[in-house]
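# Summary of structural features
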Amino acid sequence: MFHVEQLKINSMKIFKSVDLEEIKNSIRNVPDFPKKGIQFKDVSTSFKDERIFRSVVSEITGHYRSVGITKVVAIESRGFILGGVLANELNAGFVPIRKPGKLPYKTFSQSYELEYGVDVIEIHSDALDRKDVVLIHDDLLATGGTINAAIQLVKKFGVKDIFINFFVELDALKGREKIKSDHPIWSLVHF
């Protein structure tokens, strides 16, 4: 029989934070994925370790806790993993940005250029309003195309303020310099 006291003990597990270097080292490098010459940063290896996952969430929410975030907007698909958790921890709503045809209601769309063509992302047309303070989250900043499109989508709502966050930023690709926004940008891990 499971007792209430046992529940209290389980919920009081001591959480030991990890340092930034351990978080960085938990990210797996996958060479030549999705194509030759790309060094893919696989963040799923960070999420499978409970201590690291909690530390990542704690660090990011700690950075934004005092700014009054009302909605976390996350970009498909790996951005959804932390995006939903961040929304929960920040007592905010969660809004997905998805690829075309994935959202069931009316949408706003935004195209953006890739190295090899054009892509499009969408958001529900009723997802945000002027009172919202939005945290746009994605797992990784590389060249900046996707985040620029996401910023344009969020700006269509005339929201009160926007903050931009990445779990990982690839500094050598200079994606931050390509972001067309004066809103604050913060990344937890830099390579």
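Residues numbered from 1 in each chain as written. Predicted model: local features only at pLDDT ≥ 70, side-chain atom pairs only at ≥ 80, totals over all residues. Heavy atoms only, no water.

### What to know about the environment of lysine 36
Along the chain, lysine 36 turns up in the loop between β1 (28-31) and β2 (39-42). The class of lysine 36 is exposed, set by a relative accessible area of 73%. (Helix = DSSP H or I, 4+ residues; strand = E, 2+ residues; numbered from the N terminus. Buried < 20%, exposed > 50% of the residue type's maximum accessible area, 1.4 Å probe, protein only.)

### Comments concerning the confidence of the model for the protein chain
Chain-level statistics for the protein chain give a pLDDT mean of 92 and a share of 91% at 70 or above. Low pLDDT, under 50, characterises residues 1-14; the predicted model gives this stretch two contacts beyond four residues in sequence or across chains. (pLDDT = per-residue confidence, 0-100. Contact = heavy atoms within 4.5 Å.)

### Some details on the pairing of strand β7 (residues 133-141)
Here β7 lies mainly inside the structure; nine of its nine residues are buried. Pairing of strand β3 (residues 71-75) with β7 involves four bridges; the strand directions are parallel. Residue pairing for β7: lysine 71 is matched across the bridge by valine 134. (Pairing = 2+ DSSP bridges.)

### Quick word on the environment of serine 77
In this fold, serine 77 is placed in the loop between β3 and α5 (79-89). A sequence separation of 107 residues divides serine 77 from proline 184, and the C-alpha atoms of the two residues are 23 Å apart.

### Looking at the packing of aromatic side chains
Tallied over the full model, the rule gives seven aromatic pairs. Both rings, one in phenylalanine 33 and one in phenylalanine 40, keep their centres 5.0 Å apart while their planes meet at 85 degrees; by these two values the pair is edge-to-face. Residue phenylalanine 33 is classed as partly exposed on the basis of its relative accessible area of 42%. Judged by relative accessible area, which is 22%, phenylalanine 40 ranks as partly exposed. Taking the centre distance of 5.4 Å and the plane angle of 75 degrees together, the rings of phenylalanine 47 and phenylalanine 53 count as edge-to-face. Assessed through its relative accessible area of 21%, phenylalanine 53 is described here as partly exposed. Through pairs of rings, three or more aromatic residues link up here, namely Phe47, Phe53 and Phe167. Of note, lysine 24 hangs over the ring of phenylalanine 191, and the distance from its end group to the ring centre comes to 5.1 Å. (Phe/Tyr/Trp six-rings, centres within 6.5 Å; stacked < 30°, edge-to-face > 60°. Lys NZ or Arg CZ within 6 Å of the ring centre and 35° of its normal.)

### Re helix α6 (residues 145-155)
Burial analysis of α6 places eight of its 11 residues in the buried class, the great majority of the element. Along α6, the residues classified as buried are Gly145, Ile147, Asn148, Ala149, Ala150, Ile151, Leu153 and Val154.

### A closer look at the sheet that holds strand β4 (residues 93-97)
Taken in spatial order, the five strands line up as β4-β3-β7-β8-β9 in an open sheet, and their pairing is parallel. Where the open sheet ends on each side, the last strands, each with one partner, are β4 and β9 (185-190). Across the sheet, the mean angle from the axis of one strand to that of its neighbour is 20 degrees, orientation sign disregarded. In this structure, β7 lies alongside strand β8 (residues 161-169), joined through eight bridges in parallel fashion. Its bridge partner being in β8, histidine 137 is matched across the sheet by asparagine 165. Its contacts with the sheet put α5 on β3, β4, β7 and β8, and the angle it makes with β3 is roughly 175 degrees. Sheet strands touched by α6: β3, β4, β7 and β8. Its angle to β7, the strand with the most contacts, is close to 165 degrees. (Axes fitted to C-alpha atoms, helices over the stretch in contact; angles between N-to-C directions.)

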